[in-house]
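# Tertiary structure, described
Spelled out, the chains give:
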Amino acid sequence: MKATHLGIFVALALAQNAIGAEIPVTESVKSSGTLTIANGLDYAPFEFVDANGQPAGLDVDLAHEAAKLITAKLDLQRIPFASQIPSLAAGRVKVAWATFTVKEDRLKQVDFVTFLQSGTVAMVLPDKKDSISDAKSLCGKRVAVQTGSAADFTADKLSEDCAKSNLPKIDKVIYPEQKDTTQAVLTGRADARFDDSTAAGYYEQTSKGKLVVAPGIYDVLPLGVAVQKGDKASAEMMQAIFQELIANGKYKTVLDKYGMSLAAVKKSRIITSVDQIAE
């Protein structure tokens, strides 16, 4: 090997080692060479089984990138969503990789490492997008929501804000299922529909823009993976992994693939208590 080639090889090796050194890999991952996660594979676009019978989705793609980053094998344990937190408590897995909404009741059992955010957005016909620029532009509009959903309560909250600003309230139209709210907008029975920002972005992509997301996101909450309560080592490893994926562009590539740019965050956080949720 020529000296110049050797120098390049050594420089690349040192650079790779420097990146790895920034991620505090846990002893269990080091000793096993495996990153073991719980995942349900039943919540598209985050995790599902594709046409070839293989695990797929945003969470799965990110998990593969995480394993590559720390030079580990990914071991995906298919565990139903409702059983994932108990699995952490039992020590079956160290990381439950689902898009958990960070909530007070869950924080009593586990800690979270955030990697996405979720809120309510308005979806409209493409030619109506310019008419919805912010929350106030929704005042007086006929907005379809699914009964009992987060969007239902967001509509009430924004409607009250309209009244406080001496503007007409939102004309909320309630439907039993999200597909009904979509049809209401497509058929002109509503000006807009409210939905979760992650689901809305995915629908815009998969429907090839039949409905588009209008500017503005409301009632934002963090989403994250869960680790056992007090498992600081796993939490710090996952936070460092997410930060590196954000920095190296892999994170953006995966989110864009699934139409999830609205859910992107600039920084991953470890949340162990309720008072940290809104930081």
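Residues numbered from 1 in each chain as written. Predicted model: local features only at pLDDT ≥ 70, side-chain atom pairs only at ≥ 80, totals over all residues. Heavy atoms only, no water.

Rules: UniProt positions are given in the numbering used here, feature names are shortened, and annotations may be inferred rather than shown by experiment.
Labelled according to an unreviewed UniProt entry, the protein chain appears under the name ABC transporter substrate-binding protein, originating from Rhizobium changzhiense. Within the UniProt record for the protein chain, the comment given under Subcellular location (unreviewed entry) is "Periplasm".

## Things to note about the overall build of the protein chain
Selection rule: Numbering of helices and strands runs from the N terminus, with a helix taken as a DSSP run of H or I at least four residues long and a strand as a DSSP run of E at least two residues long. Per-residue accessibility, obtained with a 1.4 Å probe over protein chains only, is compared with the maximum for each type, and a residue is labelled buried under 20%, exposed over 50%, and partly exposed between these values. We call two residues in contact whenever any of their non-hydrogen atoms come within 4.5 Å of each other. Computed with a 1.4 Å probe, the accessible areas rest on the Shrake-Rupley method; for each residue, only the protein chains presented here act as cover. By the counting rule applied here, Lys and Arg register as positive and Asp and Glu as negative, while His and the ends of each chain are not counted. For the purpose of locating charges, the reference atoms are NZ of Lys, CZ of Arg, CG of Asp and CD of Glu.
A tally of helices and strands in the protein chain yields 10 helices and 12 strands. Taken across its 279 residues, the protein chain has 45% of its residues classed as buried. A separation threshold of at least 6 residues defines the contact pool for the protein chain, and within that pool the share at least 24 residues apart is 74%. Accessible surface computed for the protein chain: about 14000 Å², of which carbon and sulfur atoms make up 54%. Once the 32 positive and 33 negative side-chain charges of the protein chain are each reduced to a mean point, those two points are 2 Å apart.

## Considerations on the side chain of Ser-87
The test is simple: Throughout this description, a polar contact denotes any pair of N or O atoms lying within 3.5 Å of each other; where both atoms belong to protein, one of them has to be capable of donating a hydrogen while the other can accept it, and for residues adjacent in sequence the pair is counted only when both atoms sit in side chains.
Relative to the assigned elements, Ser-87 resides in helix H4 (residues 81-89). Residue classification places Ser-87 among the buried positions, given a relative accessible area of 8%. Within the structure, the side chain of Ser-87 is placed 2.8 Å from the backbone oxygen of Ser-83, a separation counted as a polar contact. Ignoring anything within four residues of it in the chain, the contact list for Ser-87 reads Ile-79, Arg-92 and Val-93.

## Remarks on the UniProt feature "domain: Solute-binding protein family 3/N-terminal" (unreviewed entry) in the protein chain
Mapped onto this numbering, the UniProt entry gives "domain: Solute-binding protein family 3/N-terminal" (unreviewed entry) at residues 34-262. A helix fraction of 37% and a strand fraction of 29% characterise residues 34-262, whose end C-alpha atoms lie 31 Å from each other.

## Here's the deal with the confidence of the model for the protein chain
The predicted coordinates ought not to be read in detail in places where the model reports low pLDDT. Operational definition: How sure the predictor is of each residue is captured by pLDDT, a score from 0 to 100.
Chain-level statistics for the protein chain give a pLDDT mean of 91 and a share of 92% at 70 or above. This model gives residues 1-21 a pLDDT under 50, and the stretch forms three contacts once residues within four places in sequence are excluded.

## Describing the state of the cysteines
Let me state the cut-off plainly: Any two cysteine sulfur atoms within 2.5 Å of one another count as a disulfide.
One pass over the full model with this rule turns up one disulfide. Two residues, Cys-139 and Cys-162, share a disulfide whose sulfurs are 2.0 Å apart. Around the S-S axis, the bridge from Cys-139 to Cys-162 shows a dihedral of about -85° and counts as left-handed. Within this pair, whereas Cys-139 is found in the loop between strand E6 (110-124) and strand E7 (142-146), its partner Cys-162 is found in helix H6 (residues 150-164), the two being separated by 23 residues in sequence. For Cys-162, a relative accessible area of 1% gives the class buried.

## Comments concerning the domain arrangement of the protein chain
Inclusion rule: The domain boundaries here were taken from an automatic or database domain assignment. Note on definitions: buried area is the accessible-area loss of two parts on being combined, 1.4 Å probe, summed for both. Salt bridge criterion: a side-chain nitrogen from Lys or Arg within 4 Å of a carboxyl oxygen from Asp or Glu.
Considered domain by domain, the protein chain is made up of domain 1 (27-116 + 222-276) and domain 2 (120-220). At the interface, 10 residues of domain 1 touch eight residues of domain 2. Note on domain 1 versus domain 2: buried area summed over both sides is about 720 Å², and carbon and sulfur give 68% of it. Where domain 1 meets domain 2, there are zero salt bridges.

## Considerations on the pairing of strand E5 (residues 95-101)
On any regular strand, side chains alternate: one points to one face of the sheet, the next to the other face. In plain terms, the rule: In short, DSSP must find at least two bridges between two strands for them to pair.
When you tally the buried positions in E5, you get six out of seven residues, the bulk of the element. As paired elements, strand E1 (residues 34-39) and E5 share two bridges and run parallel to each other. Paired with Ile-37 across the strands is Val-95, a residue of E5. Sheet topology note: the E5/strand E11 (residues 218-228) ladder contains four bridges and is antiparallel.

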